[in-house]
Amino acid sequence: MFFEGQIFATGVLPNSPEGLFMTRDGGELRWVAKKGWGNDWAVYCHWSYHTEQYVAEHGDKVLTPEYIQRCVPCSDEVFSLYRS
């Protein structure tokens, strides 16, 4: 069970179409999956040199379903709870 605002998964992926493509600047992106305040969750990302907490508070929300699934592979039922 996760608490509101709790990070439950994290990782680093290349900033590329094969990874987590958010900008054309290359490099690597740290992502965090975070429990929402309701029955929901979301993935945020920022440059990999930032801490997990920084990314959770200041990162960009990932909105592309393919990239969300690369970070947190999940069932359709769990994916339907993603906060868009």
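Residues numbered from 1 in each chain as written. Predicted model: local features only at pLDDT ≥ 70, side-chain atom pairs only at ≥ 80, totals over all residues. Heavy atoms only, no water.

Visitor: What exactly am I supposed to notice about the pairing of strand β3 (residues 41-47) here?
Guide: Moving residue by residue along a regular strand, the side chains alternate between the two faces of the sheet. By the criterion of burial, β3 is predominantly enclosed, with six of the seven residues buried. The hairpin turn running from strand β2 (residues 28-35) into β3, its antiparallel successor, is five residues long. Bridge count between β3 and strand β4 (residues 60-61): two bridges; the pairing is antiparallel. Among the inter-strand pairings, C45 is bridged to a residue of β4, identified as D60. (Buried < 20%, exposed > 50% of the residue type's maximum accessible area, 1.4 Å probe, protein only. Helix = DSSP H or I, 4+ residues; strand = E, 2+ residues; numbered from the N terminus. Pairing = 2+ DSSP bridges.)

Visitor: How do you make sense of the sheet that holds β2 when you look at a structure like this?
Guide: Sheet strands pair by backbone hydrogen bonding; their relative direction is either parallel or antiparallel. Reading across from one edge, β1-β2-β3-β4 is the order of the four strands in this open sheet, with antiparallel pairing throughout. Edge positions in the open sheet fall to β1 (7-14) and β4, since each of these has one partner strand only. Across seven bridges, the pairing between β1 and β2 is antiparallel. Counted as the bridge partner of L13 is L29 from β2.

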